[in-house]
Amino acid sequence: MKTLIYALLATSLIGCAQTRNYPPDSPHYAYPGGARLTLDKPVDIPPDAATARLQYGGLVARNGVREEDPYCIFEIDTVKAEAQRIAPDRLTITGIQRRVQTFAGMPAWPYAYGFERRHLHRAGFQRIGFSDDDSPSQIYFLTEFRLRSAKQPQIRALTCLHNQMMPGVSIMRHLTLPEIRQALGSYFTLEPGR
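What you see is a predicted model, and the numbers here were worked out from it, not measured in a lab. (Residues numbered from 1 in each chain as written. Predicted model: local features only at pLDDT ≥ 70, side-chain atom pairs only at ≥ 80, totals over all residues. Heavy atoms only, no water.)

### Side note on the overall build of the protein
The condition is simple: Here a helix means four or more residues in a row that DSSP labels H or I, a strand means two or more in a row labelled E, and each is numbered from the N terminus. The classification of residues rests on relative accessible area computed with a 1.4 Å probe and restricted to protein chains. Under 20% of the type maximum is buried, over 50% is exposed, and intermediate values are partly exposed. Accessible areas in this description were obtained via Shrake-Rupley with a 1.4 Å probe; residue shielding takes into account the shown protein chains only.
Each helix and strand in the protein was counted, giving 3 helices and 12 strands. Classification of the 194 residues of the protein by burial places 39% in the buried group. For the protein, the accessible area works out to roughly 11,400 Å², and carbon and sulfur atoms hold 55% of it.

Now the structure itself:
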């Protein structure tokens, strides 16, 4: 059994080493270094919150998001009793991460059964599948842009996602660059770099 696992792991690592160039309209697009994000319009963070949501090109209330469609969460690191205005700014992207997680924020691993299931569950991963068992009903495919601003140090991140455990979703996937841009509308300009 261990030999089989080591062989599969080695094969997986060899496959990861081969870089493919996917176009920006692919969910497998790898953002090159130098990606840039510009906040073109002011964003008001609601009172008692540290996030604002963008969908269909505009700001939406936290409970107004349609989770099956692409949306983004703009995040700062301060919560105040009054609304906070974030001014237009050129933001530095310090890191980009993709991940899959459940509604509760638990990392998810698709179809982990048997040996994998026992070990991944102990490591904090949640098994997901398409049955009526104890699997989570919301699986989010996230692309997180870690941000830094010299003028507004409270700016933290922009996370773009959608729920892929919805009826009609045939292949679970991450958002494409055009889908992220559509969610952001004219509030942000995302340039992938070179």
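### Things to note about the pattern of salt bridges
Keep this limit in mind: When a carboxyl oxygen of Asp or Glu is within 4 Å of a side-chain nitrogen of Lys or Arg, the pair counts as a salt bridge.
For the structure shown, the criterion picks out 9 salt bridges. Residue R66 pairs with E68 through a salt bridge whose shortest N-O separation is 2.6 Å. Across the pair E179 and R173 runs a salt bridge, and its minimum N-O distance is 2.7 Å.

### Some words on the side chain of H174
The criterion, for reference: Here a polar contact is recorded for every N or O atom pair within 3.5 Å, except that within protein the pair must consist of a potential hydrogen donor and a potential acceptor, and residues adjacent in sequence are included only if both atoms are side-chain atoms. Contact definition: two residues touch when any of their heavy atoms are within 4.5 Å.
With respect to the secondary-structure elements, H174 resides in the loop between β11 (155-163) and α3 (177-184). Of note is the side chain of H174, whose polar atom sits 3.5 Å from the backbone oxygen of L142. Not counting chain neighbours up to four residues away, the residues in contact with H174 comprise P27, R98, R99, V100, F141, L142, T143, H162 and E179.

### Topic: the packing of aromatic side chains
Note the threshold: Pairs were defined over the aromatic rings of Phe, Tyr and Trp, the Trp ring being its six-membered one, requiring ring centres within 6.5 Å. Orientation was assigned from the angle between planes: stacked under 30 degrees, edge-to-face over 60, tilted for the rest.
Taken as a whole and assessed by the stated rule, the structure comprises 3 aromatic pairs. A ring pair is formed by Y29 and Y31, whose centres lie 5.1 Å apart and whose planes are at 70°; its orientation type is edge-to-face. Relative to F145, the ring of Y31 lies with its centre 5.5 Å away and its plane at 85°, an arrangement referred to as edge-to-face. With a gap of 114 residues between them, Y31 in the loop between α1 (2-17) and β1 (36-39) and F145 in strand β10 (residues 139-148) connect regions that are remote in the sequence. Each member of the pair, Y31 as well as F145, is classed as buried.

### Concerning the sheet that holds strand β12 (residues 188-191)
Either a parallel or an antiparallel arrangement is found when strands of a sheet pair, and the pairing is made through backbone hydrogen bonds. Condition: At least two bridges found by DSSP between two strands is the condition for calling them paired. As a rule, the C-alpha atoms of each element are fitted with a line to give its axis, helices using only the stretch in contact, and angles between N-to-C directions run from 0 to 180 degrees.
One open sheet accounts for 8 strands, arranged β4-β3-β5-β11-β10-β7-β1-β12; its pairing is antiparallel. Here the strands that pair on one side only, and so sit at the sheet edges, are β4 (58-60) and β12. The sheet shows a mean angle of 30° between the axes of neighbouring strands, direction not considered. Sheet topology places strand β5 (residues 71-76) next to β11; 6 bridges connect them, and they run antiparallel. Bridge assignment links I73 to a residue of β11, and that residue is T159. Contacts from α3 reach β3 (51-55), β4, β5, β10, β11 and β12 within the one sheet, and its direction differs from that of β12 by about 165°.

### Here we look at the pairing of β1
Relative to strand β7 (residues 89-102), β1 runs antiparallel, the two sharing 4 bridges. Considered in β7, the bridge of L39 is made with D89. Across 4 bridges, the pairing between β1 and β12 is antiparallel. Bridging across to β12, L39 finds its partner in F188.

### Comments concerning the confidence of the model for the protein
Heads up, the condition is: pLDDT is a per-residue confidence score from the predictor, ranging from 0 to 100.
Within the protein, residue pLDDT values average 80, and 71% of them lie at 70 or more. Counting contacts from residues 111-133, a segment whose pLDDT is below 50, to residues more than four positions away or on other chains yields 42 contacts.

### Regarding the environment of Q97
Summarising the element assignment, Q97 is placed in strand β7. For Q97, a relative accessible area of 40% gives the class partly exposed. Along the sequence, Q97 and L142 sit 45 residues apart, while their C-alpha atoms lie 8.0 Å from each other. Excluding anything up to four places from it in sequence, Q97 contacts L142, T143 and E144. Within polar-contact distance, the side chain of Q97 engages the side chain of R99 at 3.3 Å.

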